[in-house]
Number of protein chains: 2
Amino acid sequence: MNKRRYNSEKAKRDIIEKATLIFSQKGYNQASVQEISKASGYSKGHIYYHFENKEKLFVLLAQNTMQDWYTKWAVKESSYSTATEKLYGIGKHVLYNYQTPLLKGGQELASNPASSLESIKALHDLAVIPMGVYRAILQEGVENGEFEEGNINEWTILIGTWLGGLCQLTNTQDLHSLEPLFIQAVTIFLASIKRRI
Amino acid sequence: MNKRRYNSEKAKRDIIEKATLIFSQKGYNQASVQEISKASGYSKGHIYYHFENKEKLFVLLAQNTMQDWYTKWAVKESSYSTATEKLYGIGKHVLYNYQTPLLKGGQELASNPASSLESIKALHDLAVIPMGVYRAILQEGVENGEFEEGNINEWTILIGTWLGGLCQLTNTQDLHSLEPLFIQAVTIFLASIKRRI
DNA sequence: ATAAGAATTGAACGACCGTTCTAATTCATT
DNA sequence: AATGAATTAGAACGGTCGTTCAATTCTTAT
């Protein structure tokens, strides 16, 4: 039924795959449609057959990437039983799955006045997702008595910026060697919010 | 003593001033020579009379900015007597004087294959300067017994990435409101390295 | 007053950008 | 085999970019 020989879905997937790679490596401005075309093996014109423009393409990829990050975490999260374990878990998850460079591209796009407000809003909504995850963990820890009462908003920002800052190192160092640093950061942070017994 | 007959120094200063501003706001790629020309009131051609090209101009500004940051810190540092005070001091100094967006421009330039290796090296040398400052403070604290013995390299990276991550917030929030966060970060970090008595 | 040279302009260049358009090709249906 | 829609390529467009360069104005020394 309805078998297609040339199925443009494969083309679309190829383009998405290569575009994700290139945007990740070069950010938004520095990645050109031409390059994506060349890498994917389809003409520039064909990219515009599948996607309205470069901006929308990028936003879609960013959404896919963050969605992937989030669902992977949701799966992993259920394997941890305490908020403390979850905080270590999210640290590792961020290290190995966060696409820092893609987010960098999002900042480029957002800081360009020519970008559509719609795209900027979409990207902002994405950037906020990890913070929501951190907050939920901290909340849980406070509620079940693992962590002391405190300013959860502030804690969220503090752990979020720390993990975000550490992620910058992924540009220059291999992921595995960074794991002790992420663990150490979580340990230090935990020491200051853990309930004293 | 070869007194300047007539000086284009003012023009050069104007260009430097406006270029610093624009690079800070837009990063490297998104800032155009045209815009710098317009903002400074001098023609595009004249910018090339003073500077070899956009890349060299940017590197010069980054160097000036970091130099300024460093000397300002050197002055401030002498007013603190303990390593603990210095760590709080550097936190505030970073918050109010670190030009995060300019450094962002440096990353853009460095990740562009067309950039000269010379420029990339120069920018790397700059990016390393704050780390040297953090390290010196931690070293001092260990030597005079304020901080316990520990892995200073790791500590340096941890506090560096944390302050760096927090600096990202300067894009969207006003500096003063961020001060408690910086203080809190330093407090948490200190708690884990302070000598237990 | 004039010549020399520094400062400055503005037009022009080639390259690349994102995007559009047209035409060719391929496929499913008749 | 013919038709028509879906898919793909490739050329072309207008715009901006960084850069160059010849021409011009200004400043100073003679």
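Each value, and the rule that gives it
- Residues numbered from 1 in each chain as written.
- Chains lettered and ligands numbered in written order.
- Predicted model: local features only at pLDDT ≥ 70, side-chain atom pairs only at ≥ 80, totals over all residues.
- Helix = DSSP H or I, 4+ residues; strand = E, 2+ residues; numbered from the N terminus.
- Buried ≥ 20, exposed ≤ 12 C-beta atoms within 10 Å, placed from the backbone.
- Domains from an automatic or database assignment.
- Contact = placed C-beta atoms within 7 Å.
- Nonpolar A, V, L, I, M, F, W, Y, C, P; charged D, E, K, R; others polar.
- Least-squares fit on C-alpha atoms with pLDDT ≥ 70 in both.
- Expected span 1.5 Å × (residues − 1).
- Arc of directions from axis to C-beta.
- UniProt positions renumbered as here; feature names shortened; annotations may be inferred.
- Core = buried A, V, L, I, M, F, W, Y, C linked by C-beta atoms within 7 Å.
- Axes fitted to C-alpha atoms, helices over the stretch in contact; angles between N-to-C directions.
- Parallel < 35°, antiparallel > 145°, perpendicular 65-115°, else oblique.
- Left-handed = near helix turned anticlockwise from the far one by under 90°.

Right, let's talk about the overall build of chain A for a bit. Regarding its fold elements, chain A presents 9 helices and 0 strands. In sequence order, chain A lays out its α and β elements as α-α-α-α-α-α-α-α-α. Across its three principal directions, the C-alpha atoms of chain A cover 65 × 45 × 35 Å. Across the 197 residues in chain A, those meeting the buried criterion constitute 33%.

Moving on to the domain arrangement of chain A. Residue and element names in this part refer to chain A. One can read the domain layout of chain A as domain 1 (7-51) and domain 2 (55-193). Computed over C-alpha atoms, the centres of domain 1 and domain 2 are 27 Å apart. Contact residues are listed per partner, giving 10 residues for domain 1 and 12 residues for domain 2. Taken together, the residues of the side of domain 1 that touches domain 2 break down into 5 nonpolar, 5 polar and no charged.

For these two chains of identical sequence, chain B goes onto chain A by a turn of 179 degrees and a shift of 0.0 Å along the axis, with RMSD 0.2 Å. Overall, the copies show the geometry of a two-fold rotation axis. Same-surface contact between copies: 100% of interface residues of chain B are shared with the interface of chain A.

Attention now goes to helix α9 (residues 175-193) of chain A. An ideal rise of 1.5 Å per residue puts 27 Å on 19 residues; α9(A) measures up with 27 Å between its terminal C-alpha atoms. Of all the residues in α9(A), the buried ones are A:F182, A:A185, A:V186, A:I188, A:F189 and A:I193. Seen end-on, α9(A) carries its buried residues on one side only, within an arc spanning 160 degrees. Of the residues in α9(A), the exposed ones pointing more than 90 degrees away from the buried face are A:H176, A:S177, A:P180 and A:A191. In this structure, the buried side of α9(A) is in contact with α5 (83-97) and α8 (152-167) of chain A together with α8 (152-167) and α9 (175-193) of chain B.

Turning our attention to the UniProt feature "domain: HTH tetR-type" (unreviewed entry) in chain A. UniProt records the feature "domain: HTH tetR-type" (unreviewed entry) for residues 9-69 of chain A in the present numbering. Its end C-alpha atoms 23 Å apart, residues 9-69 of chain A is made of 80% helix and 0% strand.

Our next topic: the interface of chain B and chain A. In this complex, chain B contributes 22 residues to the contact, which on the side of chain A involves 22 residues. In terms of residue count, α8(B) provides more of the side of chain B that touches chain A than any other element does, 8 residues in total. Looking at the side of chain B that touches chain A, its residues break down into 10 nonpolar, 10 polar and 2 charged.

On to the nonpolar core, then. If you look at the biggest cluster of nonpolar residues, it comprises 50 residues, and the most contacted ones within it are A:W162, A:A185, A:F189, B:W162, B:A185 and B:F189. Every element with two or more residues in this core is listed here: α5, α7 (117-143), α8 and α9 of chain A together with α5 (83-97), α7 (117-143), α8 and α9 of chain B. With residues up to four places along the chain from it excluded, the contact list for A:W162 reads A:A185, A:F189, B:T161, B:W162 and B:G165.

Our focus in this paragraph is the UniProt feature "DNA-binding region" (unreviewed entry) in chain A. UniProt records the feature "DNA-binding region" (unreviewed entry) for residues 32-51 of chain A in the present numbering. Across residues 32-51 of chain A, the secondary structure splits into 75% helix and 0% strand, with the terminal C-alpha atoms separated by 14 Å.

Turning our attention to the environment of A:A31. Residue and element names in this part refer to chain A. Within the secondary structure, A31 is located in the loop between α1 (8-26) and α2 (33-40). Sequence-wise, A31 and D174 are 143 residues apart; in three dimensions their C-alpha atoms are separated by 23 Å. Setting aside chain neighbours within four positions, we find A31 in contact with I22, F23, K26 and I36.

Turning our eyes to something else, we now look at the packing of α8(B) against α9(B). Residue and element names in this part refer to chain B. Relative to each other, α8 and α9 sit at 165 degrees, their axes nearing to 10 Å. Relative to α9, the element α8 is oriented roughly antiparallel. Crossing handedness for the pair α8 and α9: right-handed. Residue-level inspection shows W155, I159, W162 and L166 of α8 in contact with α9, the latter providing L178, L181, F182, A185, F189 and I193. Each residue belonging to the contact of α8 with α9 can be placed in one class, and the counts come to 10 nonpolar, no polar and no charged.

Residues and elements named next belong to chain B. Contact pair α5 / α7: the axes reach a minimum separation of 9 Å and the direction vectors enclose 160 degrees. As summarised for this structure, α5 and α7 are arranged roughly antiparallel, according to the angle between their axes. Here α5 runs over α7; the crossing is left-handed. Every residue of α7 that contacts α5 at A83, T84, K86, L87 and I90 is listed here: V133, Y134, I137, E140 and G141. Split into classes, the residues belonging to the contact of α5 with α7 amount to 6 nonpolar, 2 polar and 2 charged.

Residue and element names in this part refer to chain A. Mapped onto the elements, N153 comes out in helix α8. Among the residues examined, N153 registers 11 C-beta atoms within 10 Å and is labelled exposed. Each C-alpha atom, one on N153 and one on S177, is 30 Å from the other, the two residues being 24 residues apart in sequence.

Here we come to the environment of A:N112. Here A:N112 lies in the loop between α6 (100-110) and α7. Along the chain, A:N112 and A:H50 lie 62 residues apart, while their C-alpha atoms are 24 Å from each other.

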